[in-house]
Structures are given as C-alpha cells and as structure tokens.
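# Structural features, examined
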Amino acid sequence: MTGDSHGPFGLVLLDPKALNGAPTDDGFRERLADWLLFMVPMFISEQRNASAEEIDRARSDALEQIASHGDDLQFGGKHQSSSRTALAKGFAILARAEGGLTALGVHACTAPHPFCPGERAITPNLCETMK
C-alpha cells in the first residue's frame, strides 16, 4: 500500500472483526459504524493541517463531551448529536496514531501500516483465490 492510498481523508473502512459481542436487535452498532464511516473521513481532512495544540484541544473537548454525555450517544437525549460528533472527532484524532484505530467495527488510519485491514480489502490473497 502506498502513502497515496490514504489521501486527504485517510483510510476508513468497516472491519467486521472489530464488531465485538452478539449482534443487537436494534442495529445500533451497525448504524453507528455506518455513521462513523461517513463522518470520520471528514474530520480527518479537517484536522489534516492542525497544529499539535489544536489537536490537543480537540482531543480534550471530545474526551470531555464523551465522558459527560456518553449515555446520550447510545440511548438518545439532548446531547446525542454533540456526543456522536465528539466520537467521530476522537476517531479522527486516534487515526493519526501509528497503526490507526480499530473499534466499534471501524478501522481508521492516516498512513500505511503493517496488518492494516485495508490491505486485506485492497490486495487479494492469491493463495485463497487459486483454491
């Protein structure tokens, strides 16, 4: 995988191996993963040229929002929208780390790294294909 494969929006994809636990009847996890697939690339792009201080401030803001209103994120409430946005911003920040982030059924990264789930999606396993 080349550095160009990540582009300005990073690499954000579903990773079924990261969906832990039994499926829920209400489909919350699947809808949240789909929502993250849409929002995280936008926040990666938004944060692309941010300074270390701006990233640190965004991290602190997201952490405070999720810690204070994480229940609204899952169960609804007055702070549901801002909590989900904070979660997506947190994913975008953590995607910058070496190896990216894999959680809630989503993998996000901003640079190529070993064992990236995106490599499985991009590069076919020829041994499996030949069977």
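For the structure itself, consult the block above.
One structure accompanies this document, and this report is about it. Everything numeric in this text was worked out from a predicted model, so none of it was measured. (Residues numbered from 1 in each chain as written. Predicted model: local features only at pLDDT ≥ 70, side-chain atom pairs only at ≥ 80, totals over all residues. Heavy atoms only, no water.)

Let us look at the overall build of the protein. Within the protein, the regular secondary structure consists of 5 helices and 3 strands. Along the protein, from the amino end to the carboxyl end, the secondary structure elements read β-α-α-α-β-β-α-α. Taking all 131 residues of the protein together, the buried fraction comes to 33%. Carbon together with sulfur atoms contributes 57% to the accessible area of the protein, which is approximately 8200 Å² in total. (Helix = DSSP H or I, 4+ residues; strand = E, 2+ residues; numbered from the N terminus. Buried < 20%, exposed > 50% of the residue type's maximum accessible area, 1.4 Å probe, protein only. Areas by Shrake-Rupley, 256 points an atom, 1.4 Å probe, with all protein chains shown as cover.)

Bringing helix H1 (residues 28-47) into the picture now. Across its 20 residues, H1 extends 27 Å between first and last C-alpha, which sits within 8% of the 28 Å expected from 1.5 Å per residue. Roughly 30° is the biggest bend found in H1, and it falls at leucine 37, with proline proline 41 one to four residues downstream. Three or more residues of H1 are buried, namely Phe28, Leu32, Ala33, Leu36, Met39, Val40, Pro41, Phe43, Ile44 and Gln47. As for H1, its buried residues are in contact with strand E1 (11-14), helix H2 (52-75), helix H3 (80-94) and strand E3 (106-109). (Expected span 1.5 Å × (residues − 1). Bend = angle between axes of the 7 residues up to and from the residue. Contact = heavy atoms within 4.5 Å.)

The next subject is the sheet that holds E3. With antiparallel pairing, the 3 strands of this open sheet are ordered in space as E1-E3-E2. With one partner strand each, in any of the chains shown, E1 and strand E2 (101-103) form the two edges of the open sheet. In this sheet, adjacent strand axes meet at a mean angle of 10° when their direction is disregarded. H1 contacts E1 and E3 of the sheet and is inclined by roughly 180° relative to E1. (Pairing = 2+ DSSP bridges. Axes fitted to C-alpha atoms, helices over the stretch in contact; angles between N-to-C directions.)

Take the state of the cysteines next. Considering all chains together, one arrives at 0 disulfides under this definition. Of all cysteine sulfurs, the one in cysteine 116 lies closest to cysteine 109, which takes part in no disulfide; the gap is 3.8 Å. Here cysteine 109 falls in the buried class, since its relative accessible area comes to 1%. (Disulfide = S-S within 2.5 Å.)

An ideal rise of 1.5 Å per residue puts 21 Å on 15 residues; H3 measures up with 21 Å between its terminal C-alpha atoms. All of the buried residues along H3 are Ser83, Arg84, Ala86, Leu87, Ala88, Gly90, Phe91, Ala92 and Ile93. Against H1, H2, E2 and E3 lie the buried residues of H3.

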